[in-house]
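Summary of structural features
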Amino acid sequence: NAGVTQTPKFQVLKTGQSMTLQCAQDMNHEYMSWYRQDPGMGLRLIHYSVGAGITDQGEVPNGYNVSRSTTEDFPLRLLSAAPSQTSVYFCASRRVRNTGELFFGEGSRLTVL
Amino acid sequence: GQQVMQIPQYQHVQEGEDFTTYCNSSTTLSNIQWYKQRPGGHPVFLIQLVKSGEVKKQKRLTFQFGEAKKNSSLHITATQTTDVGTYFCAGQTGGFKTIFGAGTRLFVKA
């Protein structure tokens, strides 16, 4: 049972480039979400999904797109990367939509030059 | 919007001393969760509190949820070097979003 898997673990981009951070979970969780972690600012919610075909914005959605075509996958897209998006990104999921333990992936460290 | 404030930002303790981190929300929470993140790692769930005034214990860790369901605390008795890391509270206000506090980073000197 792999849990929540994120790829890549590390990525360096140039300003203006695009990329997708992948997140997959094999626990049949309804809820999936993306957070970014910056020093002194904790974990800030970017986007979340309560099921296939359903997504919504979190605290800091600008510059990021998401989709949820399957229960298992929840990719995060950066269409035109900016240095302000340099961060560590975590994907997290939970079994039910509105409560319970969040299971985190190991994180993806992104640097935008 | 929903905000969760957490203090202190950092805490240095001598091994064996106690440690407390506090969490306050601007709105009433439906539940609050606590997570621990070791340096270089990912957050790991510790506990969830749901009821007003709830107190739960896990060995040396004591978690409290305030009567008004707007504040919470985590207390560690007699810290050990294995307690090193960042402790986060995270709350929900009845919807789906889980909002995290900024975390308290704990340093333990042996």
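Look up a bit, the structure's there.
Let me sum up the structure you'll find in this document. Because the structure is a prediction, the values reported are computed rather than measured.

About the cut-offs
- Residues numbered from 1 in each chain as written.
- Chains lettered and ligands numbered in written order.
- Predicted model: local features only at pLDDT ≥ 70, side-chain atom pairs only at ≥ 80, totals over all residues.
- Heavy atoms only, no water.
- Contact = heavy atoms within 4.5 Å.
- Buried area = accessible area lost by both parts, 1.4 Å probe.
- Salt bridge = Lys/Arg side-chain N within 4 Å of Asp/Glu carboxyl O.
- Helix = DSSP H or I, 4+ residues; strand = E, 2+ residues; numbered from the N terminus.
- Nonpolar A, V, L, I, M, F, W, Y, C, P; charged D, E, K, R; others polar.
- Core = buried A, V, L, I, M, F, W, Y, C linked by side-chain atoms within 4.5 Å.
- Buried < 20%, exposed > 50% of the residue type's maximum accessible area, 1.4 Å probe, protein only.
- Pairing = 2+ DSSP bridges.
- Axes fitted to C-alpha atoms, helices over the stretch in contact; angles between N-to-C directions.
- Phe/Tyr/Trp six-rings, centres within 6.5 Å; stacked < 30°, edge-to-face > 60°.
- Lys NZ or Arg CZ within 6 Å of the ring centre and 35° of its normal.
- Disulfide = S-S within 2.5 Å.

**Structural notes on the interface of chain B and chain A**
Chain B puts 20 residues into the contact, and the matching count from chain A is 24 residues. Where chain B abuts chain A, roughly 1,700 Å² becomes buried across the two surfaces, and 57% of that area is made up of carbon and sulfur atoms. Joining chain B to chain A, the criterion identifies zero salt bridges. For the side of chain B that touches chain A, the secondary structure elements donating two or more residues are β4 (31-37), β5 (44-49), β9 (85-92) and β10 (99-100) of chain B. By residue number, the principal contributor to the side of chain B that touches chain A is β4(B), which donates four residues. Here the residues of the side of chain B that touches chain A are counted per class, giving eight nonpolar, 11 polar and one charged.

**Examining the nonpolar core**
Inside soluble globular proteins, nonpolar side chains tend to come together where they are buried. Formed by 35 residues in total, the largest nonpolar core has its most connected members in Y35(A), L102(A), F104(A), W34(B), F63(B) and F100(B). The contacts of F100(B), once residues within four sequence positions are left out, are Y35(A), L43(A), L102(A), F104(A), V4(B), Y35(B), F88(B), C89(B) and A90(B). Counting residues in each nonpolar core, the second largest holds 18 residues, with L13(A), C23(A), Y89(A) and L110(A) among its members.

**A closer look at the pairing of strand β6 (residues 54-57) of chain A**
All names here are of chain A. Pairing analysis gives three bridges linking strand β5 (residues 43-51) to β6, with the strands arranged antiparallel. Across the sheet, the residue bridging to G51 is I54, located in β6. Taking the residues between adjacent antiparallel strands as the criterion, β5 and β6 are bridged by two residues, where G53 takes a positive phi near 85 degrees.

**With respect to the sheet that holds strand β6 (residues 55-58) of chain B**
All names here are of chain B. What the five strands build is an open sheet, ordered β1-β3-β8-β7-β6; its pairing is antiparallel. Each having just a single partner strand, β1 (4-7) and β6 make up the two edges of the open sheet. Within this sheet the neighbouring strands show an average axis-to-axis angle of 15 degrees, counted without direction. Pairing between β6 and strand β7 (residues 61-65): four bridges, direction antiparallel. Note on β7: the bridge partner recorded for K57 is T62.

**Structural notes on the packing of aromatic side chains**
Counted under the stated rule, the structure contains 12 aromatic pairs over all chains. A centroid spacing of 6.2 Å and a plane angle of 75 degrees characterise the contact between F88(B) and F100(B), whose relative ring orientation is edge-to-face. With a gap of 12 residues between them, F88(B) in strand β9 and F100(B) in strand β10 connect regions that are remote in the sequence. The rings of Y35(A), F90(A), F104(A), Y35(B), F45(B), F88(B) and F100(B) are connected pair by pair, giving a single aromatic cluster. The positively charged end of R94(A) is found above the aromatic ring belonging to Y31(A), 3.8 Å away from the centroid.

**Topic: the state of the cysteines**
Residues and elements named next belong to chain A. Under the criterion given, the structure shown has two disulfides over all chains. The disulfide that involves C23 links it to C91, with 1.9 Å between the sulfurs. Handedness of the C23-C91 disulfide follows from its S-S torsion of about -70 degrees: it is left-handed. One end of the pair, C23, is in strand β3 (residues 19-25); the other, C91, is in strand β9 (residues 87-94), with 68 residues separating them in the sequence. Among the residues examined, C23 registers a relative accessible area of 1% and is labelled buried.

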